[in-house]
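These are the residues of each chain, in order.
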Amino acid sequence: MQMTSDQALARLLEGNQRFVAAQNHHRTYEPGDLVEIAHIQEPFAAVVACADSRVVPEVLFDQELGSLFVSRVPANVASDGTKWMIDIAVGEFKVPLVVVLGHTGCLAVRQIVEGLSGPGGGLRHRVQTAFQDVRLARLEPVYEATIEQNSLNTVKDLLSECPPLHQAVREGRTRVVAALYDMPSGEVRILEPR
Ligand SMILES: [Zn+2]
């Protein structure tokens, strides 16, 4: 039977608790396991994470090969690649959960907050929008608030720009949440919409 959104979220957060407690399920893959995995994948969640080398969803959620459908892009924004990933995760694998995972100490967000310019392939404006939202709402501290606002905005962007996701959420088949990975502690917490 298909996992519910709540079950999928609980599975991720339980895995994160194992990671924080240094009790990851130690996994090795025998050749036979790899043959089996090569035939089928059954991801139960999609994760939009940053490209940061320290933010690896399969590790920090302690999940095995075949369990997560993932897109990683600086500042976990709704890039074209991210939206294609979501379309496949929702359309093909019917994932009940999408997590947009921001993180403390995000370099890509810091570059925007500090006014550093760069190409960014047209995606920087998404983080700039989050920065402006934070300044308008006078949220403090600005850098940390922008990291959180950026993940909340990505949830909104995905819902408005990915019709299959919008429909799945409207029909109650999929839930989309923003979350924050705290690097020093390893803990993931869910962000409430503002
Ligand atoms: Zn980052």
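These lines cover the structure that appears in this document, whether it is placed above or below. It should be emphasised that the depicted structure is a prediction, and the values quoted were computed from it without experimental measurement. Residue numbering note: each chain is counted from 1, following its sequence as written. Residue-level local features of this predicted model are given only where pLDDT is at least 70; pairs of side-chain atoms are given and counted only at 80 or more, and the full residue set underlies all totals for whole chains, interfaces and linings. Computation of side-chain values: all heavy atoms of the structure, hydrogens and water removed.

## Structural notes on the packing of aromatic side chains
The condition that has to hold: Side-chain rings of Phe, Tyr and Trp, where Trp is taken by its six-membered ring, are said to pair if the distance between their centres is within 6.5 Å; with planes under 30 degrees apart they count as stacked, over 60 as edge-to-face, and otherwise as tilted. In this analysis the charged atom, NZ for Lys or CZ for Arg, is taken to sit over a ring once it is within 6 Å of the ring centre and within 35 degrees of the ring normal.
Using the criterion set out here, one finds one aromatic pair in the structure. Positioned over the ring face of Tyr143 is Arg110, at 4.2 Å from the centre of the ring. The ring of Phe131 carries Arg135 above its face, with NZ or CZ at 4.2 Å from the centroid.

## Brief notes about the coordination of the zinc ion
Note the threshold: Atoms of type N, O and S within 2.8 Å of a metal are treated as its donors, and for Na, K and Ca the window is 3.2 Å; water is not considered, so some sites may appear to be missing partners. Comment: elements are numbered from the N terminus, with helices defined as DSSP H or I runs of at least four residues and strands as E runs of at least two.
Surrounding the zinc ion are the protein donor atoms Cys50 (SG), His103 (NE2) and Cys106 (SG), which sit 2.0 to 2.3 Å from the metal. Sequence positions of the donors to the zinc ion reduce to the motif C-x52-H-x2-C. Of this pair, Cys50 sits in the loop between β1 (45–49) and α3 (57–60) while His103 is found in strand β3 (residues 97–103), placing the two residues 53 residues apart along the sequence.

## Digging into helix α1 (residues 5–20)
In plain terms, the rule: Helix span, as expected, comes to 1.5 Å for every residue beyond the first. Think of it in three bands: residues with accessible area under 20% of the maximum for their type are buried, residues over 50% are exposed, and the middle band is partly exposed, with areas taken using a 1.4 Å probe on protein chains only. Contacts are assigned to residue pairs with any non-hydrogen atoms lying within 4.5 Å of each other.
With 16 residues, α1 extends 23 Å from end C-alpha to end C-alpha; this agrees with the ideal 22 Å at 1.5 Å per step. Inspection of α1 places Ser5, Ala8, Leu9, Leu12, Gly15, Asn16 and Arg18 among the buried residues, and these make up the whole buried set. Lining the buried residues of α1 we find β1, α3, β2 (68–72), β3, β4 (175–181) and β5 (188–191). Looking at the residues trailing α1, positive phi occurs at Ala22, about 55°.

## Overview of the packing of helix α4 (residues 80–91) against helix α8 (residues 163–170)
Stated precisely, the cut-off is as follows: In this description, a line fitted to the C-alpha atoms serves as the axis of each element, helices being fitted only across the stretch in contact, and the angle between N-to-C directions of two axes falls anywhere from 0 to 180 degrees. Orientation categories follow fixed angle ranges, with anything under 35 degrees roughly parallel, anything over 145 roughly antiparallel, 65 to 115 roughly perpendicular, and all other angles oblique. Crossings are classed by handedness, with left-handed meaning an anticlockwise turn of the near helix from the far one by less than a right angle and right-handed meaning a clockwise turn. Classes in brief: Ala, Val, Leu, Ile, Met, Phe, Trp, Tyr, Cys and Pro nonpolar; Asp, Glu, Lys and Arg charged; the others, Gly included, polar.
With their axes 8 Å apart at the nearest point, α4 and α8 run at an angle of 40° to one another. Accordingly, the angle class assigned to the pair α4 and α8 is oblique. Taken as a pair, α4 and α8 cross one another with a handedness that is left-handed. Within the contact between the two elements, α4 uses Ile86, Asp87 and Val90 and α8 uses Pro164, Leu165 and Ala168. The residue inventory of the contact of α4 with α8, partitioned by class, reads five nonpolar, no polar and one charged.

## A short note on the sheet that holds β4
Note the threshold: For two strands to count as paired, DSSP must find a minimum of two bridges between them.
As summarised here, the arrangement of the five strands in space is β2-β1-β3-β4-β5, forming an open sheet in which the pairing is mixed. Each of the sheet's edge strands pairs with one partner strand only, and the pair in question is β2 and β5. The sheet shows a mean angle of 30° between the axes of neighbouring strands, taken without regard to direction.

## Section: the pattern of salt bridges
This is how it is decided: A carboxyl oxygen of Asp or Glu within 4 Å of a side-chain nitrogen of Lys or Arg is what we treat as a salt bridge.
Tallied over the full model, the rule gives 13 salt bridges. Note that Arg126 is salt-bridged to Glu161, the shortest N-O span being 2.9 Å. Placement of the pair is Arg126 in helix α6 (residues 124–136) and Glu161 in helix α7 (residues 142–161), with a sequence separation of 35 residues. Taking the relative accessible area as the measure of exposure, Arg126 reaches 13% and is therefore buried. Residue classification places Glu161 among the partly exposed residues on the basis of a relative accessible area of 31%. One network of salt bridges, with partners in common, ties together Asp80, Lys83, Arg126, Asp157 and Glu161.

## Here we look at the nonpolar core
In plain terms, the rule: Take the buried Ala, Val, Leu, Ile, Met, Phe, Trp, Tyr and Cys residues and link them wherever side-chain atoms come within 4.5 Å; each set so joined is a nonpolar core.
One finds Ile86, Leu158 and Leu165 to be the most contacted residues of the largest nonpolar core, which totals 34 residues. Counting only elements with at least two residues in this core, the list comes to β1, α4, β3, α5 (107–113), α6, α7, α8 and β4. When neighbours within four sequence positions are excluded, Leu158 is seen to be in contact with Val48, Ala78, Thr82, Lys83, Ile86, Val100 and Leu165. The next biggest cluster of nonpolar side chains, apart from the first, holds 18 residues, and it includes Leu12, Phe44, Ala45 and Val55.

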